[in-house]
Amino acid sequence: MKHSDANTEQTSPSQTESPSYNMQNLLNYTFKDGKVGISTTSSLLWDSVEAGLLLISRDNLIQHLNAAAKTLFILDPEAETAHHVSSLKLMTVDGTHLDIADYPHRSCLTTGEPLFKQRYQISNSQKETIWLNISCFPIKSSPETKPEAVLCALDDVTEQYESLSQLVRINEHYRLLNNATFEAIFISENGICISQNNAARKMFGFSDEEACGRKGIEWIHPDDREKVAVMMRECNESPYEATALRKDGSVFPCEIQARMAKNCDEGRRLRFTALRDITDRKQAEQQLVQAKLEAEKANRYKSEFLANMSHEIRTPLNGIIGMLKLIQAESLSSSHEQYISNALIASERLTRLLGDILDLSKVEAGMLKIQPVGFDSREAIYGIEQLFAPAFYEKDVVLQISIDDNLPHFLIGDVIRLQQILTNLIGNSLKFTRTGIVRVEVSAITTLAPDSIRAFFCIQDTGIGIDDEALTTLFTPFVQADNSLTRQHQGAGLGLSICKQLTSLLGGNMAISSEKGRGTTISLSIPFESATKIQLEDKQAGQIPATPDNLQILLAEDDPISRVLVRTMLNKMGHQVRSVSNGNEILQVLQAEKDFDLLIIDIQMPGKNGVEVAHLIRQHNDFKPFANIPILAMTAYAMDGDRELFLASGMNDYLAKPIDPETLKRALSRAINSSPTPVQ
């Protein structure tokens, strides 16, 4: 018979040396006709034993079993005892059913030696698994004879075995959980490591023998040890970052989180520390920072490019439009007047295109800022009607604007951008409407927020309409419904895209519906703050005071055409003009001559630029007599923030190119009648 070590528990020498013959004398066995029996007294003694007892003969029959054994096997205590031993259905620890030859009593019968606490499992008549420790004692008629029978003692260890199995499973689960984590986990007592998990071994390179007994602080780079020590002393459970130190001396960024375990065995206070390698996270953060810097750099380059393009395009446009307006003011034949008018229309269209491109670029770059002001809603909307009146009259198309009474008269919002949106949309409708009507309806939508309303605009035309396929890309920049070489309508395809983006920038929404051949309807809603009135000061601020005649003006402009243009415009207004071509020259003139009423300075000039010149005039002692002289900035830049920059340098007002006489006249009036902004 074979018995594995796993099924056998350690046995003391005293157990193995106990004479089996004495067991026979103790229980008073009887031998008759080759069978073993027990006396009535012994039977009573058997039933008083808590362990199950079996008396098994050489022919594998159970000659006697006590009450405890019958309970184990769920047998009738009054039943006959002559059961065959195969009814026990013994199995090994791993669940393998045993042949009769491998039952433990057979080994005892063969060797004559006892066996102690062999582990087996059985399945009783109710199919319950029971774990047993079986000990076997040979029964002999005399010390020299072979065993006549075997006394088997059965200890039910099911409860202990299941508890041990549960403990083993829990321990295995803990081991798996401990080693499955990506974090290095350390257990320390009084700052000394007493255990680490598999991740810690791999992360730092220390074996368990090397790790245990080391101070936990030795896993940290010396530069960060004081910080970590403070966090440990304070029992801080929040995660924090430090630099970790491997066995080989290499370092890596890590995140540490620790917790004290209270109520441990014997009152021990253990610290459980989780340490995460955050190298990948730090690299990702660095990449994000670098990407942010690159994006900011690209935006800065884009801003500079837009500013330069604005300057380079607006400067010649300023000369073209200005000269055309000067010619238009002369006595001309009807044909020449028509030529000039057409040239101005083309120039203004080019100016609008430039503005659209710049606005689109600024929106995409996040550089366009909303500037809310108080305004009269009726004036803002009906002003657009007056602007378009000649164009609608010429095309014989009706423009009908209706404003519902529920729209407050006074609103707070970016009226310039609102007018830009409506101008683009109405102009678009006019362009694609041959006959019929363009209807604009305006009403208010109440909101839950106090003093807040949403203005709803509906622009409907009876034009050519748009097919469904073109609608999907209509708000994409530079895309038009008709991109063919034979298209009948001009434009760069920017209007609707800008309107959509400006509406979103204002916090609004836009939708479009159209039917080919029937017309198009565009709806948008934009939030505004309502106001009961516009302050009288605001009203007065909008009024332009009269400009004194015969001002002595010093003009600095590096572009010869623009210099001639502005000087001519000023002369026609009755002013005396001295002109120079750069910033250094204007400073030289001011040091030599003192009788100027106003300075007009171009921003971009060779030598010192306009901002530097204004700053010197306001701050330097050499120009103290001109410390408060009105300065009007004149520039082809048209980027958000430029006006604030120019005013902060000490200028009184700002004039963007292209310039016409009326715009120049209003700018002169504002500059003369305002105080310079303190230099920042």
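Just so you know, these numbers come straight off a predicted model, no measurement behind them.

Enquirer: Explain the sheet that holds strand S3 (residues 52-57) to me, using residue names and the numbers behind them.
Expert: Here we have six strands laid out as an open sheet, ordered S5-S4-S3-S8-S7-S6, and antiparallel in their pairing. Taken across any chain shown, the strands that pair with only one partner, and hence form the sheet edges, are strand S5 (83-84) and strand S6 (115-123). Inspection of the sheet shows S3 paired to strand S4 (residues 61-65) by three bridges, in the antiparallel sense. Residue pairing across strands places Ile56 opposite Ile62, the latter belonging to S4. Against the sheet, helix H5 (residues 104-111) contacts S3, S6, strand S7 (129-139) and strand S8 (149-156), and its axis sits at roughly 15 degrees relative to S7. Along the sheet, helix H6 (residues 158-180) makes contact with S6, S7 and S8, crossing S7 at roughly 125 degrees.

Enquirer: Let's hear about empty space enclosed by the protein: which residues, and what values?
Expert: For the coordinates displayed, the defined rule picks out two cavities of 30 Å³ or more. One number sums up the size of the largest cavity: a volume of about 60 Å³. Mapped onto the lining of the largest cavity, the elements with two or more residues apiece are S3, H5 and S8. Grouping the constituent residues of the lining of the largest cavity by class yields 10 nonpolar, one polar and no charged. One number sums up the size of the second largest cavity: a volume of about 30 Å³. Residue lining of the second largest cavity: Phe375, Ser377, Ile381, Leu407, Leu411, Leu418, Ala455, Phe457 and Phe528, and that is the complete set. Residue assignment for the lining of the second largest cavity shows that the elements contributing at least two residues are helix H12 (377-395) and strand S18 (452-461).

Enquirer: Please give an account of unusual backbone geometry that cites residues and values.
Expert: A negative phi holds for most residues other than glycine; trans holds for most peptide bonds. Here the residue pair Lys657 and Pro658 is connected by a cis peptide bond, since its omega of 0 degrees sits within 30 degrees of zero. When you line up the elements, Pro658 lands in the loop between strand S25 (653-656) and helix H21 (661-672). Of note, the phi angle at Asn190 is positive, near 55 degrees, even though the residue is not glycine. You can see Asn190 is positioned in the loop between strand S9 (184-189) and strand S10 (192-196).

Enquirer: So, the confidence of the model for the protein: which residues are in play, and what are the values?
Expert: When pLDDT is low, close inspection of the predicted coordinates is not appropriate. On average, residues of the protein carry a pLDDT of 80, and 81% of them reach 70 or more. No element of the protein has a lower mean pLDDT than helix H1 (residues 13-16), at 40, and none a higher one than strand S11 (residues 240-245), at 94. Segment residues 1-26 is flagged for pLDDT under 50; beyond a separation of four residues in sequence, or across chains, it makes 41 contacts in the model. Counted against residues more than four places away or in other chains, residues 478-493, with its pLDDT under 50, gives 27 contacts.

Enquirer: Can you break down the environment of Met634 residue by residue, with the values?
Expert: Following the sequence through the fold, Met634 ends up in strand S24 (residues 631-635). Residues Met634 and Glu557, spaced 77 residues apart in sequence, show a C-alpha to C-alpha distance of 8.5 Å. Beyond its immediate chain neighbours, meaning those up to four positions away, Met634 contacts Leu555, Glu557, Val566, Ile600, Ile601, Asp602, Ile603, Leu655, Lys657 and Ile659.

Enquirer: Just give me the short version of the nonpolar core, but keep the residues and values in it.
Expert: Buried together is how nonpolar side chains tend to be arranged in soluble globular proteins. Leu407, Leu425, Phe457 and Leu524 are the most contacted members of the largest nonpolar core, which totals 37 residues. Among the elements of the structure, H12, strand S15 (397-403), helix H13 (415-431), strand S17 (436-446), S18, helix H15 (495-505) and strand S20 (519-531) are those that each provide at least two residues to this core. Leu54, Ile56, Leu65 and Ile134 belong to the second-largest nonpolar core, a separate cluster that totals 24 residues.

Enquirer: So what's going on with the packing of aromatic side chains? Residues and values would help.
Expert: Throughout the structure, instances matching the rule amount to nine aromatic pairs. With centroids separated by 5.6 Å and ring planes inclined at 70 degrees, the aromatic side chains of Phe206 and Trp219 adopt a geometry described as edge-to-face. Linking Phe206 in the loop between helix H7 (198-204) and helix H8 (208-211) with Trp219 in the loop between H8 and helix H9 (225-233), this pair joins segments that are 13 residues apart in sequence. A single burial state applies to Phe206 and to Trp219, both of which are buried. Grouping aromatic residues by their ring pairs yields a cluster made of Phe186, Phe204, Phe206, Trp219 and Phe252. Arg214 extends its terminal NZ or CZ atom over the ring of Trp219, reaching a point 5.5 Å from the ring centre.

Enquirer: With reference to specific residues and values, describe the sheet that holds strand S21 (residues 552-556).
Expert: Ordered in space as S22-S21-S23-S24-S25, the five strands form an open sheet in which the pairing is parallel. Where the open sheet ends on each side, the last strands, each with one partner, are strand S22 (576-580) and S25. Between one strand and the next, the sheet's axes are offset by a mean angle of 20 degrees, whatever the strand orientation. In the packing of H21 onto the sheet, the strands contacted are S21, strand S23 (598-602), S24 and S25, and the crossing angle to S25 comes to about 170 degrees.

Enquirer: Run through the side chain of Thr635, naming residues and quoting values.
Expert: Relative to the assigned elements, Thr635 resides in strand S24. Excluding its chain neighbours within four sequence positions, the residues that come into contact with Thr635 are Asp602, Ile603, Phe646, Tyr654, Leu655, Ala656 and Lys657.

Enquirer: Describe in detail the pairing of S10, supporting the description with residues and values.
Expert: With four bridges joining them, S9 and S10 adopt antiparallel strand pairing. Following the sheet pairing, Ser188 is matched in S10 by Cys193. The antiparallel hairpin formed by S9 and S10 contains two residues in its connecting segment, where Asn190 sits at a positive phi of about 55 degrees.

Enquirer: So, the packing of helix H18 (residues 583-592) against helix H19 (residues 610-619): which residues are in play, and what are the values?
Expert: Two elements in contact, H18 and H19, have axes separated by 9 Å at closest approach and are oriented at 25 degrees. Classified by the angle between their axes, H18 and H19 sit roughly parallel to one another. Where H18 crosses over H19, the two elements pack in a sense that is right-handed. Within the contact between the two elements, H18 uses Gly583, Ile586, Leu587 and Leu590 and H19 uses Val613, Leu616 and Ile617. Split by residue class, the contact of H18 with H19 holds six nonpolar, one polar and no charged.

Rules used in this analysis
- Residues numbered from 1 in each chain as written.
- Predicted model: local features only at pLDDT ≥ 70, side-chain atom pairs only at ≥ 80, totals over all residues.
- Heavy atoms only, no water.
- Pairing = 2+ DSSP bridges.
- Helix = DSSP H or I, 4+ residues; strand = E, 2+ residues; numbered from the N terminus.
- Contact = heavy atoms within 4.5 Å.
- Axes fitted to C-alpha atoms, helices over the stretch in contact; angles between N-to-C directions.
- 1 Å grid on protein atoms, 1.4 Å probe; cavity = no way out; pocket = protein on both sides within 12 Å on 5 of 7 lines; lining within 4 Å.
- Points joined across faces, edges and corners; volume = space filled by probe spheres on them.
- Nonpolar A, V, L, I, M, F, W, Y, C, P; charged D, E, K, R; others polar.
- pLDDT = per-residue confidence, 0-100.
- Core = buried A, V, L, I, M, F, W, Y, C linked by side-chain atoms within 4.5 Å.
- Buried < 20%, exposed > 50% of the residue type's maximum accessible area, 1.4 Å probe, protein only.
- Phe/Tyr/Trp six-rings, centres within 6.5 Å; stacked < 30°, edge-to-face > 60°.
- Lys NZ or Arg CZ within 6 Å of the ring centre and 35° of its normal.
- Parallel < 35°, antiparallel > 145°, perpendicular 65-115°, else oblique.
- Left-handed = near helix turned anticlockwise from the far one by under 90°.

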